[in-house]
Every structure is written in structure tokens, then in C-alpha cells.
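Okay, here's what each chain looks like letter by letter:
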Amino acid sequence: MRKVEMKLVYARQIAEDTIEMKLEDNYITQIAEPGQFIYIALPNFTLRRPISIADVDREQKQLTILFKIFGRGTASFAAYEPGMIVDCIGPNGNGFPFDTDKMEKVLLIGGGIGVPPLYYLGKKLKSKGIEVTSILGYQTAAQVFYEEEFNQLGETIVVTDDGSYGEKGYVTDIITDSFNFDLYYSCGPTGMLRALTSKLQDKKGYISLEERMGCGVGACAACVVSTKNEQGYLKICHDGPVFPAKEVIL
Amino acid sequence: MRKVEMKLVYARQIAEDTIEMKLEDNYITQIAEPGQFIYIALPNFTLRRPISIADVDREQKQLTILFKIFGRGTASFAAYEPGMIVDCIGPNGNGFPFDTDKMEKVLLIGGGIGVPPLYYLGKKLKSKGIEVTSILGYQTAAQVFYEEEFNQLGETIVVTDDGSYGEKGYVTDIITDSFNFDLYYSCGPTGMLRALTSKLQDKKGYISLEERMGCGVGACAACVVSTKNEQGYLKICHDGPVFPAKEVIL
Amino acid sequence: MDLQVKLPGLNLKNPVMPASGCFGFGKEYSRFYDLSLLGAVMMKAATGTERLGNPTPRVAETSSGMLNAIGLQNPGVDKIIAEEVPFLAQYDTEIIANIAGSTIEEYKEVAKKFNDAPEVKAFELNISCPNVKEGGIQFGTDPDMAKEVTTIVKRASDKPVYVKLSPNVSNIVAMAKAVEEAGADGLTMINTLTGMQIHLPSRRPLIANKTGGLSGAAIKPIAIRMIYEVREQVNLPIIGMGGIETAEDVLEFLLAGANAVAVGTANFQNPLVMPEIINELPKTLEKYGFSSVHDAIGKAVFV
Amino acid sequence: MDLQVKLPGLNLKNPVMPASGCFGFGKEYSRFYDLSLLGAVMMKAATGTERLGNPTPRVAETSSGMLNAIGLQNPGVDKIIAEEVPFLAQYDTEIIANIAGSTIEEYKEVAKKFNDAPEVKAFELNISCPNVKEGGIQFGTDPDMAKEVTTIVKRASDKPVYVKLSPNVSNIVAMAKAVEEAGADGLTMINTLTGMQIHLPSRRPLIANKTGGLSGAAIKPIAIRMIYEVREQVNLPIIGMGGIETAEDVLEFLLAGANAVAVGTANFQNPLVMPEIINELPKTLEKYGFSSVHDAIGKAVFV
Ligand SMILES: Cc1cc2nc3c(=O)[nH]c(=O)nc-3n(C[C@H](O)[C@H](O)[C@H](O)COP(=O)(O)OP(=O)(O)OC[C@H]3O[C@@H](n4cnc5c(N)ncnc54)[C@H](O)[C@@H]3O)c2cc1C
Ligand SMILES: Cc1cc2nc3c(=O)[nH]c(=O)nc-3n(C[C@H](O)[C@H](O)[C@H](O)COP(=O)(O)OP(=O)(O)OC[C@H]3O[C@@H](n4cnc5c(N)ncnc54)[C@H](O)[C@@H]3O)c2cc1C
Ligand SMILES: Cc1cc2nc3c(=O)[nH]c(=O)nc-3n(C[C@H](O)[C@H](O)[C@H](O)COP(=O)(O)O)c2cc1C
Ligand SMILES: Cc1cc2nc3c(=O)[nH]c(=O)nc-3n(C[C@H](O)[C@H](O)[C@H](O)COP(=O)(O)O)c2cc1C
Ligand code: FES
Ligand code: FES
């Protein structure tokens, strides 16, 4: 984890209010793992913004992020143009654990802007011969992104809340007993994760959490999550953002 | 006086830490008079910055400003690039009064970044057939600007504090009894204006003052100057920035 | 969308008005827009006789804020009634007089004079101006003195009195309760926080008066907290202020318990800010599911 | 350029240290740079037993600042002495323990335990944490209670005690004088100002604890004013804090009367901010005509 200047080399809008960017540097791109995030400073905002690493190309030294224009910070970031320098800390936190010897089939469940970190994970798993199935949930057709990219990784089901694209409903409606997997990985809104982890309580899984952050490096205790064991609070920025689904209280 | 968006059409550094810019609009450029100023908003700074109008080209709808990089606001403004929009209020205040029937020769005395407003004034006076002599004082050679432009208006004497260019000394050292003029106009640091007005106390003159401003339009009473008569305080942004030299207490 | 707010003495067509001292007596801003757009106008502070205020510099810029130490410069209550009130009275908006003084006697005198000006609909009792050395600051931070001056002013006039609270206190609720007991009809809050900036080259406080009042977006979280605390425990209507720049800020103040709001420092950045906010407000209320200004007031407090 | 500062119990190689709660116990930032560069380290608050702190969200962003309501989450004094102090002791820097509690008894107990840790050079007595409901806030805004807790802690230990003052008071000088009388060896100021932000979509305070402490550049003018006022009237050394981001900010605090400074929120924006400031400081002092840190202290106050 270091503070580095990354160069914005590419930016485009890929869905409603959703921006894809590629950032270049010599350090973060060489060590980032799926599930980790970068912590981005924006001029005149007190706090940095955490954004998941959606893909990495080590050779090109490029890292992909995908983010939604949510408030004033992401809106100002969306206005950056290629060539500009982005002040980042990274890679932060711990990624999705996997032990390729112990698994054959995995299920990825992404909700909205929780989809991005699963892409880099899925790519990595597929390259190790793991069978990947993905369920991607969005609010509406205009917000769907990366369907094609996930199709490359394996069977991919898109769900929208309003049924305007793919299946209608929530990701949890889609997961039936016919789904067969050793492990699941998920990232998305807390409501979705809560429903999902309770539905899949007999399965082993890892989920990636969000919380408002101060330092982003584990020093300030802003971003805690309660655990079910004696560890008490864990820090999402430092001990997560990925946690075993059964360990945390959402 | 309106709030308008001006377009930066041209910017260059013309001396040490000194920037010349041309701004385009349909309103301010059509009515601005010498001695008035524009009041510029810079993103993420609470207060606007007052900058004098150094020249106006009504046909081209362009206004020239010259400013020194002084603190953080002017530094950020100096980084603007042509094409960018500048949020301005203007034209603010009252300009230099002149009655061309009652004068033949005028003396302009500018100190440092007080030189700019005198240029537009000199141009206007010269076009009305008034003889213009200018004394321009700077700290050092590297900070000299607009000598050539003033030469076009009439006799121009450049003075530097350290003698690295032109005459050595202060503008007040230059003004001897041999100078012959009906009226003087001056703008520059308060110390210079104090020395000058006391030296020229028998002459009629107008001086342009600076003070830290809040509203810039006369509403908040931040920018007052004491007067020698019953008016009490006057507001520099509204009643000035130009005042009869004999009326104000510096 | 219904933006109207009814408060003691005031029928506001919308909840937005300029904060005292940031708008003079309206003349300057009337060059930018029609003042009839505003819910009300809070006039610059008036004292018994003319005040010249403090030496300059009187303002300094800070991160997301500014310091000011104008020092109550004003032409005195008589001239204000004779020359400024009639100008504002031309507009279809409510006029609130800001009353200041160094002594209780002076407050009383100013209140009495404004009482006879029918165009003035309510008083804002400025017991919290941090830039007057003789007494202002004590009135604003001592509950007993605040009570006393409120009582006197209430007695001297029949107009509704909104007491302007200073945030420079340990216990804002105690101050609010004190003036409530004294018969205040409403509160306006917050005034500025006392601050200072050192000018490095001269090694001296930049503001000639040394300290100045901090205003602007920097203080908004303090204003919201204080309004929320007071709304929980005190039954007076509140005109909220401190760092408002947008219609979303207005909604934040309403939710925290303000019945109306005033905009100060933001006028300096954007002279059109108030008409812009008023224009945005219906959309903003709708976006967050409110059907009127009234519907939003205090919604974050009582849940 | 001589950057050294000598204070009771502390030999600072330079006047810059992290503010309590913004740097944990140093481990995380030691991944970014060598902590031996720092003048000292103020540890996160310690209580008698482990504290879990408040529910989340615990932080919110504001204009030029932030709100926090961590709620004193910490592993308890014993674990801090066993596991955190030895880590910091590896570095060539001074360790300051921040002592907190809900009762006077708890303060005393924590102080006693740290008293036996030779690596801890001084105490920062946190009587001003606005996020502890049981008592913290009263200690920090009531001069008598502040006096009492200072007296007890002084008695319980031989280490120098720096009392951390809350800015949420009407009269900061009265607070400083109270703890001076109680035997405080120094002051640290300011802690955060109590603030609130309303989350519009949920119509509720964003911070789960409702209120939080405002820190960052927004509060710098208030910190400077309070330090200046205290320096004029109280003879204790002051470690100043509140919005420091640059070496020029450090100089501003020194001129206002601080003997050393702490950097809090700025670490979150830039984890390298303290080494960068320390590196800039000699140039900045020179630029404004000072020959040492010592030379600048209080220069804007006594003129
Ligand atoms: C580990 C992690 C990874 C993330 N990855 C992504 C991603 O890949 N793509 C994406 O679009 N978003 C992601 N988010 C959410 C993203 O950080 C927020 O949408 C963003 O910070 C909002 O900033 P803003 O200025 O637009 O909103 P504002 O509401 O103006 O922000 C105000 C403050 O709240 C914080 N905040 C607001 N929402 C969130 C949130 N959901 N989580 C954490 N902090 C928040 C901001 O960081 C800022 O400090 C991630 C969050 C976390 C914690
Ligand atoms: C009527 C008028 C006309 C001016 N014309 C010019 C001009 O043509 N060219 C030019 O270079 N400068 C001019 N100035 C000075 C210019 O406004 C300041 O240099 C500038 O505001 C400094 O801003 P900053 O952000 O760089 O400095 P900072 O010190 O960071 O500014 C902090 C605050 O102090 C104010 N301030 C600082 N110095 C001055 C000053 N000398 N006068 C007024 N406010 C100040 C700033 O506006 C800002 O509000 C003029 C000033 C006035 C009052
Ligand atoms: C330049 C200036 C002058 C002020 N003068 C007065 C005044 O005369 N009377 C008063 O009650 N408040 C005065 N105030 C305080 C404002 O009315 C308001 O309470 C404060 O600025 C907070 O609002 P804001 O952050 O929107 O500016 C003044 C504020 C400023 C910035
Ligand atoms: C996240 C956070 C946690 C804090 N925790 C503590 C604490 O445990 N003890 C304490 O005395 N002060 C605490 N503070 C206050 C800081 O030490 C400091 O006084 C304040 O933040 C002002 O400095 P700044 O503006 O540089 O942050 C905390 C501040 C922040 C932002
Ligand atoms: S954000 Fe500071 S510990 Fe996670
Ligand atoms: S700056 Fe407000 S009156 Fe001049």
C-alpha cells in the first residue's frame, strides 16, 4: 500500500451514471488482487473515495475501475479527462480469498455498482480453470454494464428490479436449488447482501462490504463491522472489505 | 453591474509572476470604464478576487486584465487555460473621472500591479487629445511589464527599486518640479500612494485604492476607507475604488 | 409546491431571506434581481446612533468560510427608518429589523423606534455580535443577560422578537430556554463563531480587530447541530442560518428543525444565490419526497 | 534551522506530531514512512477496559472538514501497554498517551497504569471527547469538573499532564485557567466542535450517534483564536491542533502561541502529510524571517 500518482489513460460512460476508467502506474497494478480497492483523493474534498479494482492488466500497467456518479465527489471525478493525474492510495484491504485446489464451481453475485470487483475475480478464477457462473443485478436496463465481459467468463444471468432487461426481480429470486457451486462471492448493497447471506446460509461464501471511511488504512476505526466471534469490530478498510459471509453481522 | 460568464480567450505570462489575460463577453466589455474592476469567482474559494480592468476592446468584446500571482487564489487563476469560463461580476465601482475640457496634460503614476488600470485610462485620455506622461515603478527588472504599451501613449519613465532597469528608486523620487501637469492619476501600494499624495498635495489627483472585500458590491461594509469630510467611511468597492486624492485618509 | 411559511408577524411566500449584515439594506442586490422574490429581508444591524465600525482589514478568507469584523457600522436607527426602510417597503417582501446596541438602554431605544415603523414586521435581536466589545458578547453568552435584554425589548415594542443566538456557548439549549422564558417569539441561529487568522508576513492577526466572526459552509455542521438540539427542547420557531449555499442545504436546515432560513456569506460568492435557491427548492423538496416546506420542518428531529 | 522544542517531559526533535485518534497507534502509517521522523506520537484514546465505540456510520464529510463519532473504540489500557506501546517504542520519537474515561475513577486508573510504562513520556488528558455520553462532555465544558479530573490524574502519576481542551465552551480561558490551577503541565487544543449532518434521503442524522466532532481546515480559525486567547492569559505550554495541513499552517499556530502542533484529519487526505510538513518547515520559517521554531512561538501575541 502506497500513495501513488496514477495517470488516467481512458474514460468512458458505460451505462447510466456509470463511468469506466483505466489508470496507469508502476506499483498498484503490479500487486493488486481481486477485491482490493484504491482510495482516491479529489481536490477540495476532505475525504478520499474508495473504489474497487475491477480489472488489472499487469503488462500494460493498467487498472480498471468502474464507478457510479453518486454524490458530489464521484461527479467531480467523472469530469476528469485522460492525461490527468489521480492521487491514489492502494492497493488497500484484503482481496477475495480462494484456494483453487478446493473448488471447481463458483457463483458470483453482484448488485449494481458491486459488480466491478467480481469481474477481476472471475477472470482470475477462470484462468485457473474454475467454472464461473454470474448473477448480475441492476435496477433497470439503462444501468446494465459488463454483461458481455461476464459472458466471457461463463454463464451469466442479468436481473433487473423492474424487468426492463434480463430476468425480473432480485438476484436472490434467481438462485434456486438447481444452482450448484462450491463457494459464492458477492458484492452489492447491504440489503442485498443481507438477503443473500441468509438465503445461502448453508453455503460457504465471501462478501465485500462498504462503509463510510476516514483514513482508509486502518488507523481511525471509522469503518467497522461487527463480527459474530470474539474479534468484536473489524475494520472494513484494513481487515476487509472482503469477509467470510458467516463472520460478520450486517 | 451583472454576474456574467466571461470566456478566457488568451493568457500569457508577461513578467515575473505576472499574467495577462483577455476575457470575452457581451456586457461588461460594452460599458466598462477605466478604473473599474471585475470581481472574479474561483472554484472552492469563499471570496471573489477584485482585478482592475486594464484595457477594453469594445469591438472584439474583449477585456484585458493583468494580475500578479500573490496567494493561492491568483495562483489557481493563473492556471486557467484559454476556452475556460470565468465567473465574473462587473463592471464594479466607479472609474477615474476626467473632464477633457479642463485638462491638457496628465501624469499617470503606477506602482507594480497598480499599473494596469492606468493603461486603459491613458489610452482613453490620449484618444481625446490629452498629453499623457507615465511613471511606472516596479521592484526589479524582472517585474517590468507594459513599458512598450505606455510608450505608445506618451513619455514613459520606468523606475525600479533596485535600479536593475530604468531609473533607480521610487516613483516619488522621479517627480520633480519640472513635471508639468494639470492632474495626476495613480494606483499602487498604499505606501506609495501615501508618499505620493503628500508630495503632490498641491496638485489635483485621483487615486485608486485596495482593500480586502466581502461582497464587492457595497452591501457588507468590509472595504471602507476614512474620508476627510463628513461622509465618514466610504466603500471602496462601491464609492471607489477611485477617490479624489485629497478626500481619503490613507 | 407550497413554499409558504407563517411565523409570528411574518407571512413568508418562501422560507428564504438574506442574513443580517450580508445584504446591507437591499439596495445593492436590487440591482441584480427583484427583491420581491425573497421571503423576507433581514436588515443590517441598527444601533441607536451612527456607528463607524472597526478599522480595516475587516474580512479574511478561510477554508470554506470567512471571518468578518465589520463592527456594526450603520447609519443609526433614525436614518435607517427614514432612508432604508422606505426603499425596502417598495417590494413585496417582509422586513425584519436587526437590533443591536452596547447597553440595554440602547436596545430598548432602537426597538421603540422601529416599533413605530409599520413596514417593519418583526425584530431580530442581535445579542450575539462578536465584534462589539462593550457588551454584545456578554449578552449572547450569558443566559441571564440574554433574558434581561429580551424582556426589555419585548416590553418596549409589540412586534414579534426573534432572538439571534450566538454559537460561542457551552450550552445552546440553555440560551434558547432563557430567551423563551423572557417571551421571545422566535429564534434565529446561528450567528458567527469567533475566529482568528494570523497574517504570516506581518506576524499579526490579519483582521484589524484581531478576532472576527466565522461564517460560511465551514460552520454548517455546527448550525445544524445547534438547531437540532434546540428544536428538541424548545418550542419557538427558528430561522436557521450558517453556511447555506444550495436548496439541499435549505432542506437540511428544515429537517433539523428550522422553520425558515437565512443566507449570508453565499451572497458574496454569488449575488444571485437566493433567487437560484428559491427556484430550485420545489424540485429539491420533491426529489426527497416532500409536498411542501411545511412538510419538511423538523422531520429529522421527531421520528 | 533549529526545529527542536522542549516541553515538560518531551524533547521534540520537531514540533509536529499526529493528533490523537487520527493515527491509531502508528502501525498503519509506519507502512508509509519511518515514524522516527515525527516529533512525537499522540496515541489513540485509552480507557480502563476495551470499548467498542459507536455504531456506524461514524464519519461524514463536510465542507473543508469532517465529522466523526468513533466513540473511543480502543482495546483498553492494558492491551495498549502490552501490544501498542512496545511497537511505538522502537522508534526514536516521544510517546504521549491519551487518557479517557467515563468516570473520574476510570481516568485515575488509566493514568496509574500508564505511569508504570516508562516509554510513555507524557499524558494528554482527554476531557473533551464529545462522543462519550456518560461524562466526557461535562468534564470538558465545566471548569470545576475539569479541575477535579486534572487534580486526580496529577495525583495518580508523576508524568506531565497536558489537558486537552474542548472548543465547545463560552469561555476557553476560564477552562485553561481552571486546569492550570489544578496543576496541569500543559494544554492541547482544540478538540473537535460538536456538529451534525442530516442525510437527506433518510431524513435522519447521517452519523449513527447523531452528533459528531467537526475537525479539519474548517475549524482552523477557531483553533487559532482560542490558542491566542489562552496564550495571552495562561502560562502553560500549548500543543495546538485543528485543521493543520501545511507548514504555513504550523507557523500560524506557532505565531498564535502554540509551542508544538498536532495534525489530525490531514493524515486521511495525505498519509505523508507530516513528513512533508516537517520537510517544508525550515524553508517556511526562513521565508518569514524566523531562525528557529522557538523564535516563532507566540510572536503574534506579544508585540
Ligand atoms: C471498499 C469500497 C469499494 C467501493 N467500490 C466502489 C466501486 O467500485 N464503484 C462505485 O461506484 N462505488 C464504490 N464504492 C462506493 C463509493 O465509495 C461511493 O459511492 C463514493 O464514495 C461516493 O462518493 P460521492 O462523493 O459521490 O458521494 P457523497 O455522498 O458526496 O460522499 C460523501 C462521503 O460519504 C462517503 N460515501 C458515500 N457513499 C458511500 C459508500 N457507499 N461507501 C463508502 N463511502 C461512501 C464518501 O466516500 C464521502 O466520504 C465503494 C465503497 C467501498 C467502501
Ligand atoms: C479594486 C482592486 C483592484 C485590484 N486590481 C488588481 C489587478 O489589476 N491586478 C492584481 O494583480 N491585483 C489587483 N488587486 C489585488 C488583488 O485583488 C489581490 O492580489 C488578490 O485578491 C489576492 O488574491 P490571492 O488569492 O492571490 O491572495 P490571498 O492572500 O490568498 O487572498 C486571501 C484573501 O485576501 C484578499 N486580498 C489579498 N490581497 C489583497 C489586496 N491587495 N487587495 C484586495 N484583496 C486582497 C483576497 O481577495 C482574498 O479574499 C486589486 C485589488 C482591488 C481591491
Ligand atoms: C460580513 C458579515 C456581516 C454580518 N453582520 C451581521 C449583523 O450586522 N448582524 C447580525 O445579526 N449578524 C451579522 N452577520 C452574521 C450573519 O447574519 C449570519 O448569522 C452568519 O454569517 C451565518 O450565516 P452564513 O454562514 O450564511 O453567512 C454578519 C455576517 C457577515 C459575513
Ligand atoms: C477520526 C477522529 C478521531 C479522533 N479521536 C480522538 C481521540 O480518541 N482522542 C482525542 O483526544 N481526540 C480525538 N480526535 C480529535 C483530534 O485529536 C483533534 O483534536 C481534532 O481532530 C482537530 O485536529 P484536526 O483538525 O487536525 O483533525 C479525533 C479526531 C478524528 C478526526
Ligand atoms: S477508515 Fe479508518 S479504520 Fe477504516
Ligand atoms: S466589499 Fe462589501 S461593501 Fe465593499
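Conventions we followed
- Residues numbered from 1 in each chain as written.
- Chains lettered and ligands numbered in written order.
- Predicted model: local features only at pLDDT ≥ 70, side-chain atom pairs only at ≥ 80, totals over all residues.
- Heavy atoms only, no water.
- Domains from an automatic or database assignment.
- Buried area = accessible area lost by both parts, 1.4 Å probe.
- Salt bridge = Lys/Arg side-chain N within 4 Å of Asp/Glu carboxyl O.
- Polar contact = N/O pair within 3.5 Å; in protein donor to acceptor, adjacent residues only side chain to side chain.
- Helix = DSSP H or I, 4+ residues; strand = E, 2+ residues; numbered from the N terminus.
- Nonpolar A, V, L, I, M, F, W, Y, C, P; charged D, E, K, R; others polar.
- Buried < 20%, exposed > 50% of the residue type's maximum accessible area, 1.4 Å probe, protein only.
- Pairing = 2+ DSSP bridges.
- UniProt positions renumbered as here; feature names shortened; annotations may be inferred.
- Contact = heavy atoms within 4.5 Å.
- Least-squares fit on C-alpha atoms with pLDDT ≥ 70 in both.
- Axes fitted to C-alpha atoms, helices over the stretch in contact; angles between N-to-C directions.

How do you make sense of the domain arrangement of chain A when you look at a structure like this?
Where interface size is quoted, it is often the accessible area lost as the parts come together. All names here are of chain A. With domains assigned, chain A is organised as domain 1 (2-92), domain 2 (100-210) and domain 3 (212-250). Taking only C-alpha atoms into account, the centre of domain 1 sits 23 Å from that of domain 2. Summed over both partners, the interface of domain 1 with domain 2 comes to about 1400 Å²; 58% of that surface belongs to carbon and sulfur atoms. In terms of surface lost to domain 2, no three residues of domain 1 exceed Glu-16, Pro-34 and Leu-66, which account for 32% of the buried area on that side. In this structure, Glu-33 engages Lys-124 in a salt bridge whose closest nitrogen and oxygen atoms are separated by 3.3 Å. Our enumeration of links across domain 1 and domain 2 arrives at 8 residue pairs in polar contact (both at pLDDT 80 or more). Counting only elements with at least two residues in the side of domain 1 that touches domain 2, the list comes to β1 (2-15), β2 (18-24), β5 (55-57) and β6 (62-68). Ranked by the residues each element gives to the side of domain 1 that touches domain 2, the list is headed by β6, at 4 residues. Per-class residue counts for the side of domain 1 that touches domain 2 are 9 nonpolar, 3 polar and 6 charged.

What's the story with the pairing of strand β14 (residues 211-215) of chain C in this structure? I'm lost.
Sheet faces and side chains relate simply in a regular strand, where the side chains alternate between the two faces. Residue and element names in this part refer to chain C. Taking burial as the measure, the 5 residues of β14 include 5 buried ones, the bulk of the element. Relative to β14, strand β6 (residues 65-68) runs antiparallel, the two being bridged by 3 bridges. The residue of β14 that forms the bridge with Asn-68 is Gly-213. Pairing geometry for strand β11 (residues 193-196) and β14, over 4 bridges, is antiparallel. Opposite Gly-195, over in β14, you have Gly-212 as the bridge partner.

Hey, could you run me through the UniProt feature "binding site: FAD" (unreviewed entry) in chain A in this one?
All names here are of chain A. UniProt tags Arg-49, Pro-50, Ile-51, Ser-52, Gly-73 and Thr-74 as "binding site: FAD" (unreviewed entry). Position of Pro-50 relative to the elements: it lies in strand β4 (residues 49-52). By relative accessible area, Pro-50 is classed as partly exposed at 38%. In this view, Pro-50 contacts Phe-37, Ile-38, Tyr-39 and Met-213; residues no more than four positions away in its chain are not counted.

Honestly, the relation of the copies chain C and chain D in this entry has me stumped. Any pointers?
Here two copies of a chain appear, and what relates them is a rotation about an axis with a shift along it. The transform that puts chain C on chain D rotates by 180 degrees and translates by 0.0 Å along the axis, for an RMSD of 0.0 Å. On the angle and the small slide along the axis, the relation comes out as a two-fold axis. Mapped onto chain D, 100% of the interface residues of chain C are again interface residues, and the two copies thus contact each other with one and the same surface.

Hey, could you run me through the sheet that holds strand β16 (residues 242-244) of chain B in this one?
Paired through backbone hydrogen bonds, the strands of a sheet run either parallel or antiparallel to each other. Residue and element names in this part refer to chain B. As summarised here, the arrangement of the 7 strands in space is β11-β10-β9-β8-β12-β13-β16, forming an open sheet in which the pairing is mixed. Only two strands of the sheet have a single partner each, and these edge strands are β11 (167-168) and β16. As judged from the 5 bridges shared by strand β9 (residues 131-138) and strand β10 (residues 156-160), these two strands associate in the parallel manner. Bridge assignment links Tyr-138 to a residue of β10, and that residue is Thr-160. Running over the sheet, helix α6 (residues 190-199) touches β8 (105-111), β12 (183-187) and β13 (205-208) and is turned about 165 degrees from β12.

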